[in-house]
Amino acid sequence: MSPPNNIDLIRVILILILLYLSYIDLRTFRLPDLITLPLILAGIFFNYFSHSGFVDIANSIIGAFIGYGFLWLLNNLYRLFKDQNGIGMGDAKLLAALGAWLGWTALPGILLIASITGVIGGMAYLKWHKQSSCQAFPFGPFLAFAGIIELLWPQIIPSLLLGKLS
């Protein structure tokens, strides 16, 4: 077994931050800008300045913009039809951070994993708290879980899906 390298240390720190954000979101229904905004910048800087970054800088910057923009657009469309927010902008900033760290190509897999686990986990959360299915539940932990999966096993969803097709 080889000793851990710097990239492993970065992964561990990132996982700990995602777990902490999940804890905060579960307790408060908030993902603080004090953590999410520096996390976006750290992902971009890491991928730019590190010779062993997860993705190239263009992929990182595009990932941050698409991550935020997709959930922002989804929320605005929901608000157009329902006159209320459907997803918090803290979730959009968290997805932007994941895009900054892991690149835009990781976002579809992250969203798929987060959506599937969010539906199952959200229903369990609402049942556990004896709330109706119309109540809100925190989505950040599911984004964080999906980000951790993508961080540890990159491109697992496309590999599984495309592996079955060939």
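Look a little higher up for the structure.
Conventions we followed
- Residues numbered from 1 in each chain as written.
- Predicted model: local features only at pLDDT ≥ 70, side-chain atom pairs only at ≥ 80, totals over all residues.
- Heavy atoms only, no water.
- Helix = DSSP H or I, 4+ residues; strand = E, 2+ residues; numbered from the N terminus.
- Buried < 20%, exposed > 50% of the residue type's maximum accessible area, 1.4 Å probe, protein only.
- Contact = heavy atoms within 4.5 Å.
- Axes fitted to C-alpha atoms, helices over the stretch in contact; angles between N-to-C directions.
- Parallel < 35°, antiparallel > 145°, perpendicular 65-115°, else oblique.
- Left-handed = near helix turned anticlockwise from the far one by under 90°.
- Nonpolar A, V, L, I, M, F, W, Y, C, P; charged D, E, K, R; others polar.
- Phe/Tyr/Trp six-rings, centres within 6.5 Å; stacked < 30°, edge-to-face > 60°.
- 1 Å grid on protein atoms, 1.4 Å probe; cavity = no way out; pocket = protein on both sides within 12 Å on 5 of 7 lines; lining within 4 Å.
- Points joined across faces, edges and corners; volume = space filled by probe spheres on them.

Novice: Help me understand the overall build of the protein chain in this model?
Specialist: Secondary structure summary: the protein chain contains seven helices and zero strands in total. Ordered by position from the N terminus, the helices and strands of the protein chain form the series α-α-α-α-α-α-α. When the 166 residues of the protein chain are sorted by exposure, 39% land in the buried category. Put simply, 67% of the contacts in the protein chain that link residues at least 6 apart link residues at least 24 apart.

Novice: Mind showing me how you'd approach the packing of helix α2 (residues 33-49) against helix α4 (residues 89-102) here?
Specialist: For any two helices packed against each other, one specifies the inter-axial angle together with the distance between the axes. Where α2 contacts α4, the two axes come as close as 7 Å, and the packing angle between them is 15°. Here α4 runs roughly parallel to α2, going by the angle between their axes. The chirality of how α2 crosses α4 is left-handed. Counted together, D33, T36, L37, L39, I40, A42, G43, I44, F46 and N47 of α2 and G90, K93, L94, A96, A97, A100 and W101 of α4 form the full contact between these two elements. The residue inventory of the contact of α2 with α4, partitioned by class, reads 11 nonpolar, four polar and two charged.

Novice: Looking at this model, I keep getting lost on the packing of aromatic side chains. Mind explaining?
Specialist: When we look at a pair of aromatic rings, we describe it by the centre distance and by the angle of the planes. Under the definition given, this model contains seven aromatic pairs. Between F45 and F49, the ring centres sit 6.1 Å apart and the planes meet at 40°, which makes this aromatic pair tilted. Of the two residues, F45 and F49 both sit in helix α2, four residues apart, roughly one turn of that helix. Accessibility expressed as a relative area gives 48% for F45, which makes it partly exposed. An angle of 50° between the planes, with centres 6.1 Å apart, marks the rings of F54 and W101 as tilted. With F54 in the loop between α2 and α3 (57-82) and W101 in helix α4, the pair connects residues that are 47 residues apart, well separated along the chain. On the basis of relative accessibility, which here comes to 21%, the residue F54 falls in the partly exposed class. Among the aromatic side chains, those forming a connected cluster through ring pairs are F45, Y48 and F49.

Novice: In this structure, what is going on with the layout of surface pockets? I would like to understand it.
Specialist: Rolled over the atoms, a probe sized like a water molecule indicates the empty space that remains. Roughly 970 Å³ of internal volume is contained in the largest pocket. What lines the largest pocket is a set of 31 residues, and nearest its centre among them are G86, I87, G88, A136 and F137. Residue assignment for the lining of the largest pocket shows that the elements contributing at least two residues are α3, α4 and α5 (107-128). Classifying every residue of the lining of the largest pocket gives 17 nonpolar, 10 polar and four charged.

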